[in-house]
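# Tertiary structure, described
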Amino acid sequence: MTFAEIQNQAKSDWDSLYHGQAPHILIGTATCGRAAGALSVVEAFNKELAKRNAEAKVAEVGCIGLCSLEPLVTIIKPDSFAVCYNNVIPQVVPTLVEGYVLGDDPCLDLALGTLGGGEGEAVYIPELSRFEHEHRLLLRNCGYIDPGNINHYIANGGYSSLAMALKMEPAAIIEEIKSSGIRGRGGAGFPTGRKWELCRQAPGETKYVICNADEGDPGAFMDRVVLESDPQQVIEGITIAAYTVGAHDGFIYIRAEYPLAIERLKLALEQAKNLGMLGDNILGSGFSFDIEIVEGAGAFVSGESTALMYAIEGRRSMPRARPPHSVKSGLWGKPTVLNNVKTYAYVPLIIARGADWFSSLGTEGSKGTAVFALAGKMVSTGLAEVAMGTTLHELIFDIGGGIRSGKKFKAVQIGGPSGGCLPESMLRTPVDFDSLHKAGAVMGSGGVIAMDEDNCMVDTAKFFLDFIQKESCGKCSTCRIGTKHMLDILEDITAGKGKIEDVDLLVELGEDIGGGSMCGLGRTAPNPALTTIRYFRDEYEAHILEKRCPALVCKELIAYYILPDKCERGCEHCVLACPVEAIGSTEKGIKVIDQTKCTKCGSCQLVCPPEYNAVVKLSPPSLVPAAGAKDKG
Amino acid sequence: MEELKQKLSDILKPDKKNRRHLIYLLQAVQQKSGYLSKEAMLAIADFLDIPGSTVYGIATFYNQFRFTPLGKHPVKVCMGTACHLVGGKLVLEAMARELDIEVGGITPDHEFSLDRVACVGCCALAPVVVIGDSVYPKMTPPKVEEALVIIKPVSQEQSEKQ
Ligand SMILES: Cc1cc2nc3c(=O)[nH]c(=O)nc-3n(C[C@H](O)[C@H](O)[C@H](O)COP(=O)(O)O)c2cc1C
Ligand code: FES
């Protein structure tokens, strides 16, 4: 089949879904949708449609990025609006089938909005104002096409860039990528065109391309969503890279914690191969290339490029000193290009729409868009894609909807364990490689985690150092011993055993570790501690000087207390919920916590009915009134 | 050893007889048996013709591998950033308390094992627990108990039928 024939076939498959006679029901079944119960919604639809003998089809799609609104269902009707419904549960499925699939009632009380997009346009929901702030390139098809059907990707322009690239001189492709100004999305921001050029120029017959899908930042999930929702764009990008540098074997290194992404990627590779987009003599060009999936075995440091290559070789993933750079001597000593999932996914767009178009987006030093995973205390958590240079404020408040439950914003953690915590005063910082670096954070992976007044900055620094210290490969002592030392100090501070000199010692250690470690893991490991000290020094001082955790998080510095005049007396919720039987009753029925037994699990506070709200946390624990005073209530 | 190699023959196939497949082989064996026994690691070493210490060195380097059996319902509590911020640790402690085992342990009836995991990519639904193949979103200590009660009777019925 020629590429034009493949395109025609894809188009008719696509048209049958979106422009057919029967209604279509799209259900988001990426990992986040599934966690929210999407599969039971799929089942409920299938059952109800069969029962009603309705002529309608159910299609599983990826994630549109609105994770907190999952499960999301869209009903597409031939001559009407496509209506999107959020937080759908199986119980409302009969109503939706009766109302909009079979009837003309769009069930507006259950609807989120209408779904637009497709045919080259990015998916959007006009009723949600956040879409006005977004600029979706990589996410354009996510939640709109069936990731398990390559025809959907092709019908929306997919693989035409590969067809075009195979007719171009590799040097011309490199020129295009270089002048687009794209920098790698894996964190370090190395210019992609330059990397490809160096690898192409490196002597040697055998070369490799690798896609880094390790996504090790424990709080980021952009790569997962891209792979689960529109995997073909990544495969197309990798294939163009392979043609450009002259590689015939490629690897996708993906973390094993993403089983659904692996499954969908396997299917996508198989479909690409069947259509001749991979394998021998791709699209009749004479160029042959194949991709193998390698599952990671769970080590954060494996995401570092030299370590990742050792992991593929079946060795311990310990980074090595450079030079030699991987573009000259990488996997099995051969010239190798390694890029992040998103970096590859931009490539087909740059080829199709041109370098000038790409470089017109973004800022001077950072071109294009950036995909962020919004998590933490934001109202709408999920994925967002914005032009580089958008401010953190816009990202968190206009797209993320601000902080939930009426709480106050405290900090945003950006860039994962290598990144930093920025306070409110830094929210005007534009998100691009250089501005974030200046603020002490990093673009890193793209995890954006909002924190409110209930989050402790010292505890957050401790959390990241604990993670890093466990994940340090141990090769260089600066990182191995240094991060342990920093962690010990932070543990002391959060336990109320800190000394005021410790804060400056942390800064000094952090600067030494940052300067003296061999790889990026150690070099960036102190960032969470350094930024929290820089912007939230008062919290460190409260822990050390007053033995008080202002956010009421650090266990050793808090106590749970039942306010006697708020306790309802008759209710036994807290008593039953306490796992260690630490709650007793006074003669008057007021509940009292035995502080010597309490493990501070917080269950009593969770179950205390909101109308009483009698359980509070106090810090320092010495604020709890002494026994004997308790009967006065 | 020969008996074990026989048992693992669907994994230790000739096309995988290459040092680069070591991690894959460890993953496949763990997938099949739930954990890596000393004997299984030695069988892999023998198959690839490399020292047992090399196999052990790799297996202990990566977080994914475990050296004790997995429960029938493996419980993984997410300890990623998003989950940490909203009380993931309290959920882990509640799970350990309810199951009465430590992280990395298994209940005496082999029903549940407990591990921590760094982010399963559902941060928007934090805190998250994964039991078997199912993801449990927005967990709290009281919900831990509920989830376990729902799972346990089901599996007991199943084993009674067997
Ligand atoms: C400790 C550590 C972990 C990393 N983890 C990842 C990761 O999970 N995914 C990723 O794409 N890059 C990761 N990187 C960055 C890679 O080393 C590399 O710079 C990147 O994958 C190159 O691709 P790019 O040019 O497309 O950004 C990590 C780096 C370090 C030091
Ligand atoms: S941090 Fe728990 S799922 Fe990401």
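What you see is a predicted model, and the numbers here were worked out from it, not measured in a lab.

Let us now look at the overall build of chain B. When helices and strands are tallied, chain B shows seven helices and four strands. Written out in order from the N terminus, the α and β elements of chain B read α-α-α-α-β-α-α-β-β-β-α. Based on the C-alpha atoms only, the size of chain B along its principal axes is roughly 50 × 40 × 25 Å. Buried residues in chain B amount to 51% of all 162 residues. When the accessible surface of chain B is totalled, it reaches about 7,900 Å², and 51% of it is carbon and sulfur. When the 19 positive and 19 negative side-chain charges of chain B are each reduced to one mean point, those points stand 7 Å apart.

Our next topic: the site of ligand 1. Residue and element names in this part refer to chain A. Taken together, 18 residues lie around ligand 1, and G186, K195, N339, N340 and T343 are the ones closest in. One nitrogen or oxygen atom from the main chain of G303 is found 3.3 Å from a nitrogen atom belonging to ligand 1. A distance of 3.0 Å separates an oxygen atom of ligand 1 from a polar atom in the backbone of S305. Burial of ligand 1 by the protein chains amounts to 88% of its free accessible area of 610 Å². Among the secondary structure elements, those contributing two or more residues to the shell around ligand 1 are β11 (336–340) and α21 (520–524). At three residues, the largest contribution of residues to the shell around ligand 1 is made by β11. Partitioned by chemical class, the residues of the shell around ligand 1 number three nonpolar, 10 polar and five charged.

Close approach of charged atoms lets side chains of opposite charge pair. Residues and elements named next belong to chain A. Tallied over the full model, the rule gives 30 salt bridges over all chains. Residue K178 pairs with E197 through a salt bridge whose shortest N-O separation is 2.8 Å. Of this pair, K178 sits in helix α8 (residues 170–180) while E197 sits in helix α9 (residues 192–201); the two residues are 19 residues apart in sequence, bridging distant segments of the chain. By relative accessible area, which is 33% here, K178 ends up partly exposed. Given the relative accessible area of 14%, E197 is considered buried.

Each partner contributes to the interface: chain B provides 37 residues, whereas chain A provides 61 residues. Surface buried jointly by chain B and chain A totals about 3,700 Å² across both partners, of which 59% is contributed by carbon and sulfur atoms. When the area that chain B buries against chain A is broken down by residue, the three leading residues are R20, F61 and L85 of chain B, summing to 19%. Put simply, chain B and chain A have two salt bridges between them. A salt bridge links E292 of chain A to R20 of chain B; the shortest N-O distance between them is 2.5 Å. Along the contact surface separating chain B from chain A lie 16 residue pairs in polar contact (both at pLDDT 80 or more). For the side of chain B that touches chain A, the elements supplying multiple residues, two or more each, are α2 (22–33), α4 (52–61), α5 (81–85), α6 (88–99), β2 (112–117) and α7 (141–161) of chain B. Of all the elements, α5 of chain B adds the most residues to the side of chain B that touches chain A, at four residues.

All names here are of chain A. Where helix α11 (residues 231–245) contacts helix α14 (residues 341–353), the axes come no closer than 7 Å and their chain directions differ by 80°. On the basis of their axis angle, the class for α11 and α14 is roughly perpendicular. Of the residues in α14, those touching α11 at Q233, V234, E236, G237, I238, I240 and A241 are V341, Y344, A345, V347, P348 and I351. Residues belonging to the contact of α11 with α14 are distributed by class as follows: 10 nonpolar, two polar and one charged.

Glancing now at the sheet that holds strand β12 (residues 369–376) of chain A. Residues and elements named next belong to chain A. Across the sheet, which stays open at both edges, the five strands sit in the order β13-β12-β16-β14-β15 with mixed pairing between neighbours. Because the sheet does not close on itself, it has two edges, and the strands there are β13 (382–387) and β15 (420–423). Strand after strand, the sheet turns through a mean of 30° between neighbouring axes, direction not considered. As judged from the four bridges shared by β12 and strand β16 (residues 447–452), these two strands associate in the parallel manner. The partner of A373 across the bridge, within β16, is G447. Where helix α10 (residues 222–229) meets the sheet, its contacts fall on β12, β13 and β16, and the angle it forms with β12 comes to roughly 110°. Strands β14 (409–414), β15 and β16 of the sheet are contacted by helix α18 (residues 457–471), whose axis makes an angle of about 15° with β14.

All names here are of chain A. Inspection of the secondary structure puts Y208 in strand β8 (residues 208–213). According to the relative accessible area criterion, Y208 is buried, its value standing at 11%. Linking Y208 and V327, residues 119 residues apart in sequence, is a C-alpha distance of 9.3 Å.

It is worth spelling out the domain arrangement of chain B at this point. What the domain assignment reports for chain B is domain 1 (2–61) and domain 2 (73–151). Relative placement of domain 1 of chain B and domain 2 of chain B: their C-alpha centres are 29 Å apart.

Before going further, it helps to examine helix α13 (residues 305–312) of chain A. Because each turn of an α-helix spans 3.6 residues, side chains separated by three or four positions in sequence point in the same direction. Most of α13 of chain A is tucked away, with seven of its eight residues classed as buried. Taken together, the buried positions of α13 of chain A are S305, T306, A307, L308, M309, A311 and I312 of chain A. Buried residues along α13 of chain A sit against β8, β9 (249–254), β10 (290–295) and β11 of chain A together with α2 of chain B. Looking one or two places after α13 of chain A, you find G314 of chain A, whose phi comes out positive at around 85°.

Ranked by internal contacts, the top residues of the largest apolar core, which has 145 residues, are Y159, W196, V209 and F372 of chain A. Look past the residues within four positions of V209 of chain A in its chain and what remains in contact with it is I238, A241, A242, V245, A247, D249, G250, F251, F289, V337 and Y344 of chain A. With 48 residues, the next largest nonpolar core counts Y253 and L308 of chain A together with L26 and I44 of chain B among its residues.

Within the sequence span of α9 of chain A, burial applies to T192, G193, K195, W196, E197 and C199 of chain A. Taken together, the buried residues of α9 of chain A touch α8, α11, β11 and α14 of chain A.

Once that is clear, we can look at the confidence of the model for chain B. Mean pLDDT over chain B stands at 90; residues scoring 70 or higher make up 94%. Here the predicted complex scores 0.94 on pTM and 0.90 on ipTM.

Residues and elements named next belong to chain A. Assigned domains within chain A: domain 1 (7–127), domain 2 (158–358), domain 3 (369–452), domain 4 (457–545) and domain 5 (558–623). Computed over C-alpha atoms only, the centres of domain 1 and domain 3 are separated by 31 Å. Each partner contributes residues to the interface: domain 1 has four residues there, and domain 3 has five residues. Among the residues of domain 1 in contact with domain 3, G65, C67 and S68 are the three that bury the most area, contributing 86% of the side total. The tally of links from domain 1 across to domain 3 stands at zero salt bridges. One can count three residue pairs in polar contact (both at pLDDT 80 or more) joining domain 1 with domain 3. Class assignment of the residues belonging to the side of domain 1 that touches domain 3 gives a composition of two nonpolar, two polar and no charged.

Calculation rules
- Residues numbered from 1 in each chain as written.
- Chains lettered and ligands numbered in written order.
- Predicted model: local features only at pLDDT ≥ 70, side-chain atom pairs only at ≥ 80, totals over all residues.
- Heavy atoms only, no water.
- Helix = DSSP H or I, 4+ residues; strand = E, 2+ residues; numbered from the N terminus.
- Buried < 20%, exposed > 50% of the residue type's maximum accessible area, 1.4 Å probe, protein only.
- Areas by Shrake-Rupley, 256 points an atom, 1.4 Å probe, with all protein chains shown as cover.
- Lys, Arg positive; Asp, Glu negative; His and termini not counted.
- Charge placed at Lys NZ, Arg CZ, Asp CG, Glu CD.
- Near = heavy atom within 4 Å.
- Polar contact = N/O pair within 3.5 Å; in protein donor to acceptor, adjacent residues only side chain to side chain.
- Nonpolar A, V, L, I, M, F, W, Y, C, P; charged D, E, K, R; others polar.
- Salt bridge = Lys/Arg side-chain N within 4 Å of Asp/Glu carboxyl O.
- Contact = heavy atoms within 4.5 Å.
- Buried area = accessible area lost by both parts, 1.4 Å probe.
- Axes fitted to C-alpha atoms, helices over the stretch in contact; angles between N-to-C directions.
- Parallel < 35°, antiparallel > 145°, perpendicular 65-115°, else oblique.
- Pairing = 2+ DSSP bridges.
- Domains from an automatic or database assignment.
- Core = buried A, V, L, I, M, F, W, Y, C linked by side-chain atoms within 4.5 Å.
- pLDDT = per-residue confidence, 0-100.

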